[in-house]
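# Residue-level structure breakdown
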Amino acid sequence: VVEKAAEFIEDMISSLEPYQMQDLVAGLLRAMGYKTRVSPRGADRGVDIFASPDGLGLQEPRIFVEVKHRRNTQMGSQEVRAFMGGRQRGDRCFYVSTGGFTKEARYEAERSSVPLTLLGMPELRALLVEHYEGLDADTKRLVPLTKLYWPVAGR
């Protein structure tokens, strides 16, 4: 049942449009306590979402987020390197790819001098479930879920 629920949630996330995916990730960061700015539609110069405690980037961490919503396309090391260009000390980065990442992209992230977290679909789903109660109403509408209590064996 748990595995099937995870699959259904991932299907719901997959059905979102690319800009809805950006809104979902921004809403998730807000639920985690950050203020966010989503880049306007069009050329975003490699940053889809900016987040920080104060929303202005005056307080660390300054979080830069790239969101790629491509179901069957893994992001590679070139995309990761391009995203990390221009990042500096004090910055934190998330790269979200619903298609996942190549082994080379993961290696690139591990050796980055600026902290970079790669979030594929399973990690995104897990964070969404973990922070769902803290999401605002608009973000919850993107992936509407309800809590289900199930008896645990052994009682």
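Scope of this entry: the structure provided in the associated data block. A quick note: this is a predicted structure, and the numbers were derived from the prediction, not measured.

Now for the sheet that holds strand β2 (residues 49-52). The strand order across the open sheet formed by five strands is β1-β2-β3-β4-β5, and the pairing between neighbours is mixed. Only two strands of the sheet have a single partner each, and these edge strands are β1 (35-38) and β5 (116-119). Strand after strand, the sheet turns through a mean of 20° between neighbouring axes, direction not considered. Where β1 meets β2, four bridges bridge the pair, whose relative direction is antiparallel. Residue valine 38 lies in a different strand from β2, and its bridge partner there is isoleucine 49. Packing of helix α3 (residues 77-84) onto the sheet brings it into contact with β3 (62-68), β4 (91-97) and β5, and relative to β4 it is tilted by some 145°.

By the burial criterion, the buried members of helix α4 (residues 103-110) are Ala105, Glu108 and Ala109. Buried residues of α4, viewed axially, fall in a sector of 100°; they line one side. Opposite the packed face of α4, turned more than 90 degrees from it, sit the exposed residues Lys103, Tyr107 and Glu110. Next to the buried residues of α4 lie α3 and β5.

So, how was this worked out
- Residues numbered from 1 in each chain as written.
- Predicted model: local features only at pLDDT ≥ 70, side-chain atom pairs only at ≥ 80, totals over all residues.
- Heavy atoms only, no water.
- Pairing = 2+ DSSP bridges.
- Helix = DSSP H or I, 4+ residues; strand = E, 2+ residues; numbered from the N terminus.
- Axes fitted to C-alpha atoms, helices over the stretch in contact; angles between N-to-C directions.
- Contact = heavy atoms within 4.5 Å.
- Buried < 20%, exposed > 50% of the residue type's maximum accessible area, 1.4 Å probe, protein only.
- Arc of directions from axis to C-beta.

Treat this as a map of the structure, not an account of what it does.
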